[in-house]
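Fold and geometry: a report
If you want the building blocks of each chain, they are given just below.
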Amino acid sequence: QDEIYKIIDQNIQIATKSNNYKYLTYFYSYKAFIAMSYDSSNNNINTYLSNAKKFSARTNDNETIGFMHFVQGEFNYNKNESFNAAEHYIKAIKYFDQAAPSKKLIPRKISNYRKLALVYARLGEFDLQDKFSKQSLEMAIKQEDKQILFDAYMAVGYLYENHLTKTNSNKFKVEAEKNYL
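A brief report on the enclosed structure follows. Note that the structure is predicted; figures quoted are calculated from it, not measured. (Residues numbered from 1 in each chain as written. Predicted model: local features only at pLDDT ≥ 70, side-chain atom pairs only at ≥ 80, totals over all residues. Heavy atoms only, no water.)

1. Section: the overall build of the protein
- Check the secondary structure of the protein and you find nine helices and zero strands.
- Taken from N to C terminus, the helices and strands of the protein fall in the order α-α-α-α-α-α-α-α-α.
- The burial tally for the protein puts 46% of its 181 residues in the buried class.
- Just so you have it, the protein exposes about 10400 Å², and 49% of that area is on carbon and sulfur atoms. (Helix = DSSP H or I, 4+ residues; strand = E, 2+ residues; numbered from the N terminus. Buried < 20%, exposed > 50% of the residue type's maximum accessible area, 1.4 Å probe, protein only. Areas by Shrake-Rupley, 256 points an atom, 1.4 Å probe, with all protein chains shown as cover.)

Rendered as structure tokens:
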């Protein structure tokens, strides 16, 4: 953990010296993301996200700004602030849609769709959960990453399994089995 922070801080120093706002936004966002796993203090996370937001206003790199919103969405999701999380995940997708193609862009979009599905599952919004689960799956099918595809199928299967337990409808049982198998 300390080594991770040390590397991120070194990169922040380099980006600061060169006034590289794209990387300042990215590294502060990434530091906040890492802190969510290791640091129970929301103060540090808030500071990192605040810095990321400040520097994001000075870059036009849509993928980086989208990543910052994704991390903010994660932070809100972990604090059970579902509406704020959804707002940031949706902003992230809008920025990702405007971003230049990159190796990480599609997996980031898939993660956002999957997270939006989880938010709407938490809120009991089946139609929106369904929409974003399926968008995640559609994008995953186009990828050549078997793990991403597996995760997407499991998310859609979970969607129908969860709805099956609430409705006991054979339709949802068939859909769940189709996605799990």
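Once you've had a look at it, read on.
2. So, the side chain of Asn62
- On the secondary structure map, Asn62 appears in helix H4 (residues 62-78).
- For Asn62, a relative accessible area of 18% puts it in the buried group.
- Of note is the side chain of Asn62, whose polar atom sits 3.3 Å from the backbone oxygen of Gln98.
- If sequence neighbours within four positions are ignored, Asn62 has contacts with Tyr95, Phe96, Gln98 and Ala99. (Polar contact = N/O pair within 3.5 Å; in protein donor to acceptor, adjacent residues only side chain to side chain. Contact = heavy atoms within 4.5 Å.)

3. Regarding H4
- For H4, which comprises 17 residues, the first-to-last C-alpha distance of 24 Å matches the rise-based estimate of 24 Å (1.5 Å per residue) to within 8%.
- Just downstream of H4, Asn80 is the residue with a positive phi angle, here 60°. (Expected span 1.5 Å × (residues − 1).)

4. Here's the deal with the packing of aromatic side chains
- Under the definition given, this model contains ten aromatic pairs.
- Aromatic pair Tyr28 and Phe55: ring centres 5.9 Å apart, planes at 15°, arrangement stacked. Here Tyr28 is found in helix H2 (residues 21-38), whereas its partner Phe55 is found in helix H3 (residues 42-56), with 27 residues between them in sequence. This pair shows no difference in class: Tyr28 is buried, exactly as Phe55 is. (Phe/Tyr/Trp six-rings, centres within 6.5 Å; stacked < 30°, edge-to-face > 60°.)

5. Things to note about the environment of Ala57
- Relative to the elements of secondary structure, Ala57 occurs in the loop between H3 and H4.
- Assessed through its relative accessible area of 67%, Ala57 is described here as exposed.
- Between the C-alpha atom of Ala57 and that of Tyr21, which follows or precedes it by 36 residues, the distance is 8.5 Å.

6. Focus on the pattern of salt bridges
- Counted under the stated rule, the structure contains eight salt bridges.
- Lys22 is the partner of Asp61 in a salt bridge, and the nearest nitrogen-oxygen pair spans 3.7 Å. A residue pair is termed long-range when its members are at least 10 positions apart, and Asp61 in the loop between H3 and H4 and Lys22 in helix H2 qualify at 39 residues.
- In this structure, the salt-bridge partner of Glu63 is Arg108, at a minimum N-O distance of 3.1 Å. Here Glu63 is found in helix H4, whereas its partner Arg108 is found in helix H6 (residues 105-122), with 45 residues between them in sequence.
- For Glu63, a relative accessible area of 12% gives the class buried.
- What makes Arg108 buried here is its relative accessible area of 15%. (Salt bridge = Lys/Arg side-chain N within 4 Å of Asp/Glu carboxyl O.)

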